[in-house]
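This is what each chain is made of:
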Amino acid sequence: MNSFDYKNHALYAEDVSVSAIVESFGTPAYIYSKQAITSAFNAYFNAARENDLICYAVKANANIAVLNLLAKLGAGFDIVSVGELERVIAAGGDPAKVVFSGVAKKSSEIARALEVGIHCFNVESEAELERIQHVAEKHDVKAPISLRVNPDVDAKTHPYISTGLKENKFGIHIDQVLDVYAKAQAMPNLVIKGIDCHIGSQIIDPTPFIDALKRLLPVIEQLKDMGIALSHIDLGGGIGVQYDDETPPDVGAYIQKVTSVIEPLGLGLILEPGRSIVANAGILVTEVEYLKDNGEKHFAIVDAAMNDLLRPALYQSWMRIEEVEKKAGSAKDYDIVGPVCETGDFLGKHRSLVIESGDLLSVFSAGAYGFGMASNYNSRPKACEILVDGDQMHEIRRRESFSDLIAHEILLTE
Ligand code: LLP
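Residues numbered from 1 in each chain as written. Predicted model: local features only at pLDDT ≥ 70, side-chain atom pairs only at ≥ 80, totals over all residues. Heavy atoms only, no water.

### Focus: helix H3 (residues 64-73)
- Considered for burial, the residues of H3 that qualify are Val 66, Leu 67, Leu 69, Leu 70 and Ala 71.
- If you check the start of H3, you find a side-chain oxygen 2.7 Å away from the backbone N of Ala 65, and it comes from Asn 63.
- Phi turns positive, to about 110 degrees, at Gly 74, one or two residues after H3. (Buried < 20%, exposed > 50% of the residue type's maximum accessible area, 1.4 Å probe, protein only. Helix = DSSP H or I, 4+ residues; strand = E, 2+ residues; numbered from the N terminus. Polar contact = N/O pair within 3.5 Å; in protein donor to acceptor, adjacent residues only side chain to side chain.)

And the structure:
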């Protein structure tokens, strides 16, 4: 049985009915399944070898209870800011299993990462390499580095989440990377650990991953000739998930394929999965406030909005939306829209539903890039987050209050 499934026409999160969760915590609410996160992570962890690292991409869902669960399962973490690093530490994650990606690492962030002893910096430009050398020298330490190569492959995904093309801002172009490695070799406070790439997100056809790997192999060979022996290859994240009728790549088969290529080279493997660990481990539950009919169109106006879940507005992402309690009746074709004053504020369009005001809807596959991309736009407090474990529900983030909303604002007195 899936972690989110219907029993007698009512939606359950593991063994707890979603309506019961809403009775305790209200809407909108993000609900996650511990079991779903665990099994998605284990698909990676169990296929990888003992010294490989599965570095969960914190940006996908950064709640510290989620990070803590993953840390206990053996995860490392892929971070892109010192904020994410502090979350990992607060969650009991091991800094020695952290890789630090991102194009704009500040000196203070580099210093903190060196202080806690991260596993590796994924360096995205020559200028960044120089900065890391400088900060490491100042602190009299050696910084472990890997260069993020932009392999110029098309991940065939949404252009906003495609990162491995020459025109994208990410990584060092494959034609320049040997020169940058040579510079790194000459910098006294750097230790060259690996090679890295991340070509994009929500990738369904695995061919681009293998193409990227194939492009890195000759680079690794040439590095050997230069006297640079790498200890790992980091292939980033990006494996897609099923939102609708996609058939995502099998994680175990992908890891086996990669391992068979890199094992003879004596390389360890690092992966940075985000979405594929948490997307289908979470739902967003919202209440129908009003039904509105303009003659041609039916709108279901719900209490969750683009500030809670940005993906439909930003990428026109299709996310499955269904009634929490299935009722008999004639279905109508609804656009599911939120309270925010923007035409782009929708969660889904043309959904066939049997609903009335006061009913609950579930937006599925919302565990990744859901809460993490939420904002307070329209002065809307952020939703609560609930983690279900069997028949237990745990609040892992309280719903924001009005005082939370203005907590950092300062009223000027005369
Ligand atoms: N590593 C790096 C360097 C990344 O930039 C990302 C995601 C990941 C790993 C994790 O990728 P994943 O396994 O989750 O595909 N907000 C967008 C997705 C943005 C992905 C950004 N980078 C969305 O909602 O579709």
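### Regarding the packing of aromatic side chains
- One pass over the structure, following the stated rule, counts six aromatic pairs.
- For the ring pair Tyr 56 and Phe 77, a centre distance of 6.4 Å and an interplane angle of 85 degrees mean the geometry is edge-to-face. Taken together, the residues span a long stretch of sequence, with Tyr 56 in strand S5 (residues 53-57) and Phe 77 in strand S6 (residues 76-79) at a distance of 21 residues.
- The class of Phe 77 is buried, set by a relative accessible area of 1%.
- For the pair Phe 100 and Phe 121, a centre-to-centre distance of 5.9 Å together with 25 degrees between the ring planes defines the contact as stacked. Taken together, the positions of Phe 100 in strand S7 (residues 98-100) and Phe 121 in strand S8 (residues 120-123) put the pair 21 residues apart, joining distant regions of the chain.
- Taking the relative accessible area as the measure of exposure, Phe 100 reaches 0% and is therefore buried. (Phe/Tyr/Trp six-rings, centres within 6.5 Å; stacked < 30°, edge-to-face > 60°.)

### Digging into the site of the ligand
- Neighbouring residues of the ligand: 19 residues in total, closest Ser 201, Glu 272, Arg 311, Tyr 315 and Tyr 369.
- Gly 238 has a polar backbone atom sitting 2.8 Å from an oxygen atom of the ligand.
- Contact distances for the ligand include 2.7 Å between an oxygen atom and a backbone N or O atom of Arg 275.
- About the coverage of the ligand: the protein hides 91% of its 590 Å² of free accessible area. (Near = heavy atom within 4 Å. Areas by Shrake-Rupley, 256 points an atom, 1.4 Å probe, with all protein chains shown as cover.)

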